[in-house]
Amino acid sequence: MKWTMAAEGGAIRTVFSCGVMDALLEAGFLPDRFVGTSAGIAYGVSYISRQRGRNLEILERYVHDSRYMGWRNLFRPGNRSYYGLRFVFQEIPEKWIPFDFDCFAAYSGEVLAVVTDVHTGQPQYLPVPRRDASFSVLQASCALPLLFPMIEIDGHLYLDGGITDPVPYRKAMEGGYEKCIVILTRESGYRKTHSGGEAAASRLYFRYPRLAEALRRRASVYNQQRQEIEDWERQGKLLVLRPESTQGFGRLEKDLEKIRLLYQQGYQIAWKRMDDIAAYLQHPTSLESRQSP
């Protein structure tokens with residue numbers, strides 16, 4: 001049976017999803033379509049390229065490296081992002097922790113990244129090119145307001161997909177897919193509140209009124225999605241994997257102990273539910289394939 005996956009973003013919190021996806025790799029589960037938002041797609045491509053542990057290794061090696069992330073990067077000419085764009089999206093995958101472009105290219109399914117069109121204030125779903133050495137589509141999906149520049153692709157300007165479609169389960173299920181695994185990066189019952197940062201961002205982007213409106217509505221859109229996800233989960237339409245708790249874990253977390261613990265939480269939760277996953281997908285699996293996280 002064909003099935004699909006939707007992955008929420010959440011910056012460093014998405015290490016929970018990395019644990020989930022590594023467990024699914026061990027059990028032999030790979031979707032026929034993967035749709036991710038922001039860090040959900042940035043980390044998700046390593047799942048599709050079957051590189052177990054790659055995302056955790058990147059964080060362990062570079063989360064304290066100013067080339068990876070830090071406020072100084074915002075003021076560096078040609079970068080203007082909290083993250084070191086060239087280092088993160090080119091040097092690491094090319095030189096330091098290589099990305100397996102051949103395995104990624106061999107994947108027969110769809111890989112879509114959610115981005116927000118700054119002119120229309122609407123989500124767009126861009127196929128992730130199989131051999132783009134600059135990962136421009138991933139950069140666009142991860143382009144957090146205030147912390148990233150707008151990313152231009154084919155003459156269009158984009159920002160973070162999480163502004164307009166933070167959990168892309170509806171897109172993942174388009175075209176007749178009836179089975180969808182959703183990976184969330186916030187615990188059960190979580191709801192987003194309107195933040196001062198989003199209000200400031202809406203004022204900063206006043207030249208793009210539809211984007212500004214999308215930023216003002218961001219919390220409402222997210223909360224509506226979370227409610228529908230919970231409803232559909234109860235009805236058996238979705239299988240949802242979420243952390244038990246993210247309390248005390250920052251969006252830009254640098255504490256390696258916390259990062260490892262959240263990764264392990266995702267890994268363990270996925271394995272605890274592996275029989276449920278197999279039954280939901282009507283797919284045989286074996287617990288003997290489990291490795292140590």
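Placed above this text is the structure.
The structure presented is a predicted model; accordingly, all values stated were derived computationally and were not measured.

Draft legend 1. The layout of surface pockets, seen in detail. Its volume calculated, the largest pocket comes out at about 390 Å³. When residues in the lining of the largest pocket are grouped by element, the largest group, 3 residues, is from helix H8 (residues 196–204). When grouped by side-chain class, the residues that make up the lining of the largest pocket number 7 nonpolar, 3 polar and 6 charged.

Draft legend 2. Here's a closer look at the packing of aromatic side chains. Following the criterion strictly, the structure yields 12 aromatic pairs and no others. Ring geometry for phenylalanine 99 and phenylalanine 104: centres 5.4 Å apart, planes at 65°, overall edge-to-face. Overall, phenylalanine 104 belongs to the buried group, its relative accessible area being 0%. Relative to phenylalanine 135, the ring of phenylalanine 101 lies with its centre 5.5 Å away and its plane at 20°, an arrangement referred to as stacked. Note that phenylalanine 101 is positioned in helix H5 (residues 101–106) and phenylalanine 135 in the loop between strand S4 (122–127) and helix H6 (136–141), a separation of 34 residues in sequence. Relative accessible area serves as the criterion here: at 17%, phenylalanine 101 is assigned to the buried category. When its relative accessible area of 6% is taken as the criterion, phenylalanine 135 is described as buried.

Draft legend 3. Looking closely at helix H1 (residues 15–27). Compared with the 18 Å implied by 1.5 Å per residue over 13 residues, the 19 Å span of H1 between its first and last C-alpha is a close match. Among the 13 residues that make up H1, 13 are buried, leaving the element largely enclosed by the rest of the structure. Glycine 28, located one to two residues past H1, shows a positive phi value of around 85°.

Draft legend 4. The environment of aspartate 32, seen in detail. With respect to the element layout, aspartate 32 can be found in the loop between H1 and strand S2 (33–37). Between the C-alpha atom of aspartate 32 and that of lysine 2, which follows or precedes it by 30 residues, the distance is 6.0 Å. Those residues within four positions of aspartate 32 in sequence are excluded, and the remaining contacts are Met1, Lys2, Trp3, Tyr107, Gly109, Glu110 and Tyr177.

Draft legend 5. Inspection of the packing of helix H3 (residues 54–62) against helix H4 (residues 85–96) at higher detail. The interhelical angle for the contact between H3 and H4, taken along N-to-C directions, is 110°, at an axis separation of 13 Å. Classified by the interaxial angle, the pair formed by H3 and H4 is roughly perpendicular. Residues Arg54, Ile58, Arg61 and Tyr62 of H3 touch H4, and the partners they reach there are Phe87, Ile92, Pro93 and Trp96. By residue class, the composition of the contact of H3 with H4 is 6 nonpolar, no polar and 2 charged.

Draft legend 6. Representation of unusual backbone geometry. Residues other than glycine seldom take positive phi values, yet arginine 80 does so here, at roughly 50°. Position of arginine 80 among the secondary structure elements: in the loop between H3 and H4. Positive phi values are uncommon outside glycine, yet leucine 146 reaches one of about 75°. Tracing the sequence through the fold places leucine 146 in the loop between H6 and strand S5 (151–153).

Draft legend 7. Focus on the pairing of strand S1 (residues 4–7). Where burial is concerned, the two faces of S1 agree: the one with Thr4 and Ala6 and the one with Met5 and Ala7 are both buried. Relative to S2, S1 runs parallel, the two being bridged by 4 bridges. Note that in S2 the partner of methionine 5 across the bridge is phenylalanine 34. For the crossover that starts at S1, traverses H1 and ends in the parallel S2, the hand is right-handed. In the sheet, S1 pairs with strand S7 (residues 180–183) via 4 bridges, with the strands oriented parallel. Bridging from a neighbouring strand, alanine 7 pairs with isoleucine 183 of S7.

Draft legend 8. Structural context of the pattern of salt bridges. Counted under the stated rule, the structure contains 14 salt bridges. Linking arginine 61 and glutamate 57 is a salt bridge whose minimum nitrogen-to-oxygen distance equals 3.1 Å. Of this pair, arginine 61 and glutamate 57 both sit in helix H3, 4 residues apart, which is roughly one turn of that helix. Accessibility expressed as a relative area gives 32% for glutamate 57, which makes it partly exposed. In this structure, glutamate 230 engages arginine 191 in a salt bridge whose closest nitrogen and oxygen atoms are separated by 3.0 Å. Taken together, the positions of glutamate 230 in helix H10 (residues 218–234) and arginine 191 in the loop between S7 and H8 put the pair 39 residues apart, joining distant regions of the chain. For glutamate 230, a relative accessible area of 13% corresponds to the buried category.

Analysis parameters
Residues numbered from 1 in each chain as written. Predicted model: local features only at pLDDT ≥ 70, side-chain atom pairs only at ≥ 80, totals over all residues. Heavy atoms only, no water. 1 Å grid on protein atoms, 1.4 Å probe; cavity = no way out; pocket = protein on both sides within 12 Å on 5 of 7 lines; lining within 4 Å. Points joined across faces, edges and corners; volume = space filled by probe spheres on them. Helix = DSSP H or I, 4+ residues; strand = E, 2+ residues; numbered from the N terminus. Nonpolar A, V, L, I, M, F, W, Y, C, P; charged D, E, K, R; others polar. Phe/Tyr/Trp six-rings, centres within 6.5 Å; stacked < 30°, edge-to-face > 60°. Buried < 20%, exposed > 50% of the residue type's maximum accessible area, 1.4 Å probe, protein only. Expected span 1.5 Å × (residues − 1). Contact = heavy atoms within 4.5 Å. Axes fitted to C-alpha atoms, helices over the stretch in contact; angles between N-to-C directions. Parallel < 35°, antiparallel > 145°, perpendicular 65-115°, else oblique. Pairing = 2+ DSSP bridges. Right-handed = clockwise from strand over helix to strand, strands pointing away. Salt bridge = Lys/Arg side-chain N within 4 Å of Asp/Glu carboxyl O.

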